[in-house]
Amino acid sequence: MSELEQLRQEAEQLRNQIRDARKACNDSSLSQITAGLDSVGRIQMRTRRTLRGHLAKIYAMQWATDSRLLVSASQDGKLIIWDSYSTNKIHAIPLRSSWVMTCAYAPSGSYAACGGLDNICSIYSLKTREGNVRVTRELSGHTGYLSCCRFLDDSQIVTSSGDTTCALWDIETGQQTTTFTGHTGDVMSLSLSPDSRTFVSGACDASSKLWDIRDGMCRQSFTGHVSDINAVIFFPNGNAFTTGSDDATCRLFDLRADQELMMYSHDNINCGITSVAFSKSGRLLLAGYDDFNCNVWDTLKGERAGVLAGHDNRVSCLGISSDGMALATGSWDSFLRIWN
Amino acid sequence: MAQASQDQGAVGIADPDEDSPNMIAYRKIEDIITRLQDETEGVPVRTVKSFLSKIPSVVTGSDIVQWMMKNLNIDDPAEAIHIGSLIAAQGYIFPISDHVLTLKDDGTLYRFQAPYFWPSNCWEPENTDYAIYLCKRTMQNKTRLELADYEAENLARLQRAFARKWEFIFMQAEAQVKIDRKKDKTERKILDSQERAFWDVHRPVPGCVNTTEMDIRKCRRLKNPQRVKKSVYGVVDDTHTQSPVHTPSQQSSKDTREDVEKEILFLNTQLDRHCMKMSKVAETLMIYTEQYLDYDPFVTVPDPANPWISDDVTFWELEASKDPSQPRVKKWGFSLDEALKDPVGREQFLKFLESEFSSENLLFWLAVQDLKCRPLQEVAARAQEIWQEFLAEGAPSAINLDSHSYERTSQNLKDPGRYSFEDAQDHIYKLMKSDSYPRYLRSNAYQDLLLARKKGKSLTSKRLTGLMQSS
């Protein structure tokens, strides 16, 4: 037996041991334990605002930390900063490349970022002295499309790419401080932990990985999905996260149990999930689907608690404001809706 | 319907030949379609008499809706319509007299699509095929094949675009007409309608959603452009160029020895990790959501009311004011994290520590948090400042570190970076959490805020606003 074969066997043995260890921790299942829990009842949400202005598919959105402003990116080549409460457009930023796939809002509110098929993460300063919005940095280095970006603070941003890597950038110098390699498929989405020390990524290799921001190491890897993972989001306490996939399921993974806790699916749901978000307490999981709807899930009991219908094309992105008051959904029908 | 977690042993990924990201969805729909068409358990497919002719092989919309409600466990007909319309929009069933692909719960007649035309075959028909199709329609003198306005416009556009090869397209169309004529009349009616439904999916009526549109992130990964580009009518066309969006994917390299060694290292660290029991994990999740349920506006009605619903921004004004509401103060007591996350909570905690002359721990913690956000160029200098202020010999705000952390930090400062103080910060955090934080929660300063009658507090704020407005 060749050395490579022996190594492969060793890896396989280790994988089996890990699987057994996980099984040993499976003294129950989340749904069994929460069987006696009070149901959240029927969740009905209505559209409170419709944000009109984009002329083509909306691909991404993110709330500002003030829970009123939000940024959206569309393939009409525009980044729009909205005051979602009044529906006024604060800024309409023309992009150099219209093939935009992601956008982000800095926690301070001073910057926005976006990127896409140009492989570049462009940073925009929203609070210049002159009062206009301009590009302050173009972070290039990825060799594939930019699928997601999230600001750590005004100085650092984390990106994920179709080149199967993620990266941490120092915005001032434009350099990649750390590269996160390990995925074997396009990385589609990332989510920062509440304490900003780690982040989780989801990729087209059907796995999600937990990364340490400081040293670039992959701390944990999770499998279970059978197709591309399109979206990931941390549970509010930072100990778990949920993924949404083309296999028509969302799954909850726990970091300390090191495995899947719950799957959110239904025989009548026959399309992929594009985006996921948790309500403030984490009790509700909101997910956007290709069939134009959003489904509301009871995170703990695994039951569907509600449906939000209203968009005329696929829901491509969604997010909940930091005060938990509102859900924003963006769609290929070119509109954003605010629900609660 | 909750599903138990699957065994994570196999990294089950879709069959590499099934490239389309929608393949799993297609298979699920095809299951339903197969059941719908089952001879005994499916919907009644029959021939309907109309005027001078017969309409073969149709089923009514309401029959489909009824079947779905009974066989797919659906209570609400609206949900059946939603699922049925999705199936129709993908082209698996279609109304025989309409280009718009939705499901209606009435006597509208529907037909099933031929498996040849199913979306799971990854069709991406070229405009040449579409041109042949429209051209063919104009050759057959039948009212039911008359072009709709938008189709006539499309044909005109295509004639201009393909002006130089129109003769070729015309010949192909003629050939197709010849083939069609050979078929039995009833069979032709069915095939014509199925062909039309196929084009309704790939060249939809203006205003209808094109369900074949793919996320551009997924387009690039289609591994076999040749397969996707096959012609509906078997036309071999060498002149068309590859779409710029379809790039041949990189060959996945075989695992090198280095890759496997790296993986073994990783797996070993995973094995060493202590896995927490499911019951314990579930318990902590439940406790967390329970604690924060009152603060979740989607589950508990907020007070003051949700500004989005009441059109009243009092809630946000209160949050922004220096005067914290009682629930907000209560949240600071959940964990040190919560107290530090809230700027007002941080301020109050700091004030308390200052009153006890023990604020240097928190000030150190805050300084290190700030250090982590600085641009790289400022980091080294700032790190030195922090060392001088809190850790150096004779530091003005000396903090108490164990000798191990002190040594590590001192080493780190030789090459200062954003994370030079991580050990020290962790140690100080633990100290605060076990000592000064619980004391703060017991203090008069905190208890006064916590027990202040909520009504009294908000009344004050409202009165203030009133005063401001009238002045």
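These numbers were taken from a predicted model, which means no experiment stands behind them.

S.K.: Requested: an account of the pairing of strand S16 (residues 208–212) of chain A, with residues and values cited.
M.R.: Residues and elements named next belong to chain A. The element S16 is extensively covered by neighbouring structure, given that five of its five residues are classed as buried. The pairing of strand S15 (residues 198–203) with S16 spans five bridges and is antiparallel. Residue pairing across strands places Ser201 opposite Lys209, the latter belonging to S16. Where S15 folds back on S16, the antiparallel hairpin that results is connected by four residues, among which Ala206 adopts a positive phi of roughly 65°. Looking at chain direction, S16 and strand S17 (residues 218–222) are connected through four bridges and run antiparallel. Counted as the bridge partner of Lys209 is Ser221 from S17.

S.K.: I'd like to hear about the UniProt feature "domain: RGS" (unreviewed entry) in chain B, residue by residue, with values.
M.R.: Mapped onto the present numbering, the UniProt feature "domain: RGS" (unreviewed entry) falls at residues 335–450 of chain B. Taken end to end, residues 335–450 of chain B is 74% helix and 0% strand, and its two terminal C-alpha atoms sit 15 Å from one another.

S.K.: Tell me about helix H17 (residues 360–373) of chain B, residues and numbers included.
M.R.: Between its first and last C-alpha, H17 of chain B extends 20 Å over 14 residues, near the 20 Å set by a 1.5 Å rise per residue. For H17 of chain B, the complete set of buried residues consists of Asn361, Leu362, Phe364, Trp365, Ala367, Val368, Leu371 and Lys372 of chain B. Elements in contact with the buried residues of H17 of chain B: strand S11 (156–161) of chain A together with helix H15 (336–341), helix H16 (343–355), helix H18 (376–391) and helix H20 (422–434) of chain B.

S.K.: Give a description of the UniProt feature "repeat: WD" (unreviewed entry) in chain A that names residues and reports values.
M.R.: The sites that carry the UniProt feature "repeat: WD" (unreviewed entry) are, in the present numbering, residues 51–92, 139–179, 180–221, 222–263, 273–307 and 308–340 of chain A. In residues 51–92 of chain A, the share of helix is 0% and the share of strand is 57%. The end C-alpha atoms are 13 Å apart.

S.K.: Got a sec to walk through the confidence of the model for chain B? Specific residues and values, please.
M.R.: Residues and elements named next belong to chain B. Per-chain confidence: chain B averages 86 in pLDDT, with 86% of residues scoring 70 or above. Taken element by element, the predicted model of chain B shows its lowest mean pLDDT in helix H23 (residues 454–470) (44) and its highest in strand S3 (residues 93–95) (97). When the criterion is pLDDT under 50, residues 1–14 qualifies, and its contacts beyond four places in sequence or with other chains add up to 35 contacts. Within the model, the stretch residues 240–252 combines pLDDT values under 50 with twelve contacts to residues more than four positions away or in other chains. As a predicted assembly, this complex carries a pTM of 0.90 together with an ipTM value of 0.95.

S.K.: How would you explain the packing of aromatic side chains if you had to name every residue and give the values?
M.R.: In this description, a pair of aromatic rings is defined by centroid distance and the angle of the planes. Scanning the entire structure with this criterion turns up 36 aromatic pairs over all chains. Taking the centre distance of 5.2 Å and the plane angle of 45° together, the rings of Phe349 of chain B and Tyr440 of chain B count as tilted. Of this pair, Phe349 of chain B sits in helix H16 while Tyr440 of chain B sits in helix H21 (residues 436–442), and the two are 91 residues apart along the sequence. Connected via pairs of aromatic rings, a cluster forms that spans Tyr116, Phe117, Trp123, Tyr130, Tyr133, Phe198 and Trp199 of chain B. Sitting above the plane of the Phe335 of chain A ring, Arg52 of chain A keeps its charged end 5.6 Å from the centroid. It is Arg314 of chain A that lies over the ring of Trp332 of chain A; its NZ or CZ is 4.1 Å from the centre.

S.K.: Describe in detail the sheet that holds S16 of chain A, supporting the description with residues and values.
M.R.: Residues and elements named next belong to chain A. Pairing is antiparallel across the open sheet formed by four strands, whose spatial order is S14-S15-S16-S17. Lying at the two open borders of the sheet, with one neighbouring strand each, are strand S14 (187–192) and S17. On average, adjacent strands in this sheet sit at an angle of 20° to one another, irrespective of strand direction. Relative to S15, S14 is paired through five bridges, and the arrangement is antiparallel.

S.K.: How would you summarise the UniProt feature "domain: DEP" (unreviewed entry) in chain B if you had to cite specific residues and measurements?
M.R.: According to UniProt, the feature "domain: DEP" (unreviewed entry) maps to residues 39–114 of chain B in the numbering used here. Helix makes up 32% of residues 39–114 of chain B and strand 26%, and the two end C-alpha atoms of the span are 16 Å apart.

S.K.: Describe the sheet that holds strand S8 (residues 121–125) of chain A, naming the residues involved and giving the relevant values.
M.R.: Residue and element names in this part refer to chain A. The sheet built from four strands is open, its strands ordered S6-S7-S8-S9 with antiparallel pairing. Edge positions in the open sheet fall to strand S6 (100–105) and strand S9 (134–139), since each of these has one partner strand only. Each strand axis lies, on average, 20° off the axis of its neighbour in the sheet, ignoring direction.

S.K.: Describe the packing of helix H4 (residues 127–139) of chain B against helix H7 (residues 185–202) of chain B, with residues and values.
M.R.: All names here are of chain B. Their axes nearest at 12 Å, the elements H4 and H7 cross at an angle of 135°. Between H4 and H7, the interaxial angle falls into the category oblique. The handedness of the crossing between H4 and H7 is left-handed. When H4 is examined against H7, the residues Asp129, Tyr130, Tyr133, Lys136 and Arg137 are found in contact with a partner set consisting of Glu195, Arg196 and Trp199. A class-by-class count of the residues in the contact of H4 with H7 yields three nonpolar, no polar and five charged.

What counts, and where the lines are drawn
Residues numbered from 1 in each chain as written. Chains lettered and ligands numbered in written order. Predicted model: local features only at pLDDT ≥ 70, side-chain atom pairs only at ≥ 80, totals over all residues. Heavy atoms only, no water. Buried < 20%, exposed > 50% of the residue type's maximum accessible area, 1.4 Å probe, protein only. Helix = DSSP H or I, 4+ residues; strand = E, 2+ residues; numbered from the N terminus. Pairing = 2+ DSSP bridges. UniProt positions renumbered as here; feature names shortened; annotations may be inferred. Expected span 1.5 Å × (residues − 1). Contact = heavy atoms within 4.5 Å. pLDDT = per-residue confidence, 0-100. Phe/Tyr/Trp six-rings, centres within 6.5 Å; stacked < 30°, edge-to-face > 60°. Lys NZ or Arg CZ within 6 Å of the ring centre and 35° of its normal. Axes fitted to C-alpha atoms, helices over the stretch in contact; angles between N-to-C directions. Parallel < 35°, antiparallel > 145°, perpendicular 65-115°, else oblique. Left-handed = near helix turned anticlockwise from the far one by under 90°. Nonpolar A, V, L, I, M, F, W, Y, C, P; charged D, E, K, R; others polar.

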